[in-house]
Amino acid sequence: MSGLSLNPYAIRAIYRFEMARTFRTIVQSIAAPVISTSLYFIVFGAAIGGRMAKIDGITYGAFIVPGLIMLSILTESISNGSFGIYLPKWSGTIYEMLSAPVSAFEILLGYVGAAASKSVMLGVVILATARLFVPFEIAHPFWALAFLMLTSVTFSLFGFILGIWADGFEKLQIVPLMVVTPLTFLGGSFYSINMLPPLWAKVALFNPVVYLVSGFRWAFYGVSDVRVGISLGMTLVFMLVCLTAVWWIFRTGWRLKS
């Protein structure tokens, strides 16, 4: 293989293997996140939402839909991306893959493509489920799908890096549970950061999840905490950082050959 040609058989093999594993564990991969998110819709959307004032002219139940979808997408993208590459590391099969005529880019396409596909599927299922509890409309469907796919790919890349970094199963859960989930809760999933005191509203802008949730909410309702161009730019910057980190990992063999 030379130049810019790709080995589609290798990419398809990795992709199909990862997707098959998802459907073998569909309860953990799809059903569990959907059920847990549905509980949020029931409690905050149906039960509490009807007693709360509208935010930016949007009912509270509808307002939290984009944030709750993002909460699931971020955690599941990281989990899917990290576990996919960690499993061959743990079993030792990664050495066979590294010695095979498969490029780093093809490995990345297979694993991250599968992880992102799972996250997009989950987001669509949660979106359909939310419609059962909360009435809402999507003002910009194309941009909603674009933000959903960009976020899924970006955080699947981040999860891929975490999977290479981790040297034990417990480390796969540290970042999603202790970093990403708190940042998502504090990133405007359940409220607008404009409701915060001025100082804390400025502090919240250092939270990268604010830009993801804000951009995704804009795609739904045309309102956002920060300009949509900034939200899109921040997402692309984080994706570029992750791609650079992955390039460096494969170039140096960090945590892959040890």
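Structural data are supplied above this passage.
Owing to the predicted nature of the structure, the values given are computational and were not obtained by experimental measurement. (Residues numbered from 1 in each chain as written. Predicted model: local features only at pLDDT ≥ 70, side-chain atom pairs only at ≥ 80, totals over all residues. Heavy atoms only, no water.)

Visitor: Before we move on, can you summarise the nonpolar core with the specific residues and values?
Guide: In terms of nonpolar packing, the biggest core is built from 42 residues, with V65, I69, F136, F216, F220 and Y221 touching the most fellow members. Broken down by element, the residue count for this core peaks at nine residues, all from helix α10 (residues 208-221). Non-local contacts of V65, meaning those with residues more than four positions away in its chain, are made with F41, L127, A130, V134, F136, F220 and Y221. (Core = buried A, V, L, I, M, F, W, Y, C linked by side-chain atoms within 4.5 Å. Buried < 20%, exposed > 50% of the residue type's maximum accessible area, 1.4 Å probe, protein only. Helix = DSSP H or I, 4+ residues; strand = E, 2+ residues; numbered from the N terminus. Contact = heavy atoms within 4.5 Å.)

Visitor: How would you summarise the pattern of salt bridges if you had to cite specific residues and measurements?
Guide: Evaluated as defined, the whole model comprises five salt bridges. The salt bridge involving D167 is made with R255; its shortest N-O contact spans 3.8 Å. Placement of the pair is D167 in the loop between α7 (141-165) and α8 (171-185) and R255 in the segment after α11 (228-252), with a sequence separation of 88 residues. Classification of R255 by relative accessible area gives partly exposed; the value is 26%. The network of salt bridges with common partners includes E18, R21 and K118. (Salt bridge = Lys/Arg side-chain N within 4 Å of Asp/Glu carboxyl O.)

Visitor: Now, about α10: what can you tell me, with residues and values included?
Guide: Compared with an ideal rise of 1.5 Å per residue, which puts 14 residues at 20 Å, α10 spans 21 Å between its outermost C-alpha atoms and is within 8% of the ideal. Extensive coverage of α10 is indicated by the burial of 13 of its 14 residues. One side-chain oxygen at the N-terminal end of α10 lies 3.0 Å from the backbone nitrogen of V209; it belongs to N207. Within two residues after α10, G222 carries a phi angle of roughly 75 degrees, on the positive side. (Expected span 1.5 Å × (residues − 1). Polar contact = N/O pair within 3.5 Å; in protein donor to acceptor, adjacent residues only side chain to side chain.)

Visitor: Can you tell me about the packing of aromatic side chains, naming the residues and giving the values?
Guide: Scanning the model with the defined rule gives 17 aromatic pairs in all. Between Y40 and F190, the ring centres sit 6.0 Å apart and the planes meet at 50 degrees, which makes this aromatic pair tilted. With Y40 in helix α2 (residues 26-48) and F190 in the loop between α8 and α9 (198-204), this pair connects stretches of sequence that are 150 residues apart. What makes F190 buried here is its relative accessible area of 11%. The interplanar angle of 65 degrees and the centroid separation of 5.5 Å between the aromatic rings of W90 and F169 together place this pair among those described as edge-to-face. On the criterion of sequence distance, the pair formed by W90 in helix α4 (residues 65-91) and F169 in the loop between α7 and α8 is long-range, its members being 79 residues apart. Given the relative accessible area of 55%, W90 is considered exposed. Given a relative accessible area of 35%, F169 falls into the partly exposed group. Here the aromatic residues F83, Y86, W90 and F169 are joined through ring pairs into a cluster of three or more. Residue placement shows R131 over the ring face of F136; its charged tip is 5.4 Å from the ring centre. (Phe/Tyr/Trp six-rings, centres within 6.5 Å; stacked < 30°, edge-to-face > 60°. Lys NZ or Arg CZ within 6 Å of the ring centre and 35° of its normal.)

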